[in-house]
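Here is what each chain is made of, one letter per residue.
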Amino acid sequence: MAELSFSVVIGEPELISPESPTPVESKYLSNLDDQPSYRNHMPFIHYYNPRRAGERRDPATVIRRALSKALVHYYPLAGRLRHGEKGKLVVDCCAEGVVFREADADVTLDQLKMAAVGGLRPPSPFLSKFLLDDLWGSVFVTDSPLLRMQFIAAVSELAREPNRSDLTRPPVWARELLTPRSPPRPSFPHREYDPNPNTEPASSGSEIRDKTQISIFFTQSEISALKSQINGPKTSTFVAITLLLWRAWTRSLGLRSETRLIVPINTRRHHQPLLLVGYYGVAVVISCAVAPAKELVSRPISFAAGLISELKSRAFDKEYRASVVDFIEMTRRPWFRGEGTLLVTDVSKLRFVDVDFGWGQGLYGGLARGGVGDVTGLVVTSLSGYKRKEDGEEGLVALLSLPREAVDAFQEKVRRGIALRSALL
């Protein structure tokens, strides 16, 4: 990586409020929204062609105005989380606004590409310069500004068309669709919430913060090679990459007893009642696979593939989401099991790179780092679409956070797995 030094002039934080009056009320959060393991801040970063951006007004001015207009529609996001009865969070729609900070850096995009391994691909070694007020874990989640990713599409639409007042897809709150049954009756085991045997959940995010951020690029040919060893084209890309990462992660961490994989599953189109178009609450449930560590790494990869397929099939059962909501209600918002657990979430179909504020498609758009949770031992992996610019080859990026002492072993085992399967073709 080339040496690069540059300065960043950071403006004062300002609160952006809705541009017109909004309802003053308290909003119910579903049990899926209100989970301790979700109480964290997830940083994203978007890069755009500076020449396209210069064709419009000052980018900060464009976004600032669009943000204020979007908050009229998404007014709960201008509010604050408060503690309600028995520790449950509610949204106080007080229109206090979200934090906006403008910054100017004396560096070009081309310089950033040349200085970082993988170009603009995360994790960026310069993230600390660009990400202001970086918060880890569940610190300052209550009584602080809110933001959700679905909101970005609305902001970008209003940035492109500053004179419009409506939205193509109006937001829908409708959390009452996910209230627990009376009485609650969980119908599945929910091992993702098993208590940690040796540790208590962290609240500062220190476990994740102390890990090393890495990313691994998988070419389409490598992905095809992985699939061919399982069930050919019938195997999903998610299953192929996840089983490779899970096995390599289990080996590199030297897990002795059991190893766990937890995966968020989108329930918007697979469960009753159907969530309305425009719903912007949490609509994912977590499903868990548990295996003896020795079996996972020693048995054929079809064993891991079967566990992952079973995990996904279970979560798509029409009863599963209701079971999760009821389980959380009965156990009073449990934490996800962190120790010995790998969490893999696939964001490749969300196409963050396509978010257009008026200066075209992004050069990169998505997660800025791998670790975002604050459960002890939790590792977050995101798979996202990416085109490697130096040779134009497309593929997927796996973004992870790992203990420093496990990084070399993990990368070696992943690459060995890819090379072995490619050689067998």
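Residues numbered from 1 in each chain as written. Predicted model: local features only at pLDDT ≥ 70, side-chain atom pairs only at ≥ 80, totals over all residues. Heavy atoms only, no water.

**With respect to the overall build of the protein**
- A tally of helices and strands in the protein yields 12 helices and 15 strands.
- Per-residue burial over the protein gives 50% buried out of 425 residues.
- A separation of at least 24 residues holds for 83% of the contacts in the protein among residues at least 6 apart in sequence.
- Here the protein has roughly 19700 Å² of accessible surface; of this, 53% comes from carbon and sulfur atoms. (Helix = DSSP H or I, 4+ residues; strand = E, 2+ residues; numbered from the N terminus. Buried < 20%, exposed > 50% of the residue type's maximum accessible area, 1.4 Å probe, protein only. Contact = heavy atoms within 4.5 Å. Areas by Shrake-Rupley, 256 points an atom, 1.4 Å probe, with all protein chains shown as cover.)

**Considering unusual backbone geometry**
- A cis geometry characterises the amide bond from serine 182 onward to proline 183, with omega recorded as -5°.
- Note that proline 183 resides in the loop between α5 (150–160) and α6 (206–209).
- The amide bond that connects glutamine 272 to the next residue, proline 273, takes the cis arrangement and shows omega of 0°.
- When you line up the elements, proline 273 lands in the loop between β10 (258–266) and β11 (284–292).
- Here the phi dihedral of alanine 95 falls at roughly 60°; this positive angle occurs in a residue that is not glycine.
- With respect to the element layout, alanine 95 can be found in the loop between β6 (89–93) and β7 (98–100).
- The backbone of alanine 174 shows a phi angle near 50°, a positive value even though the residue is not glycine.
- Inspection of the secondary structure puts alanine 174 in the loop between α5 and α6.

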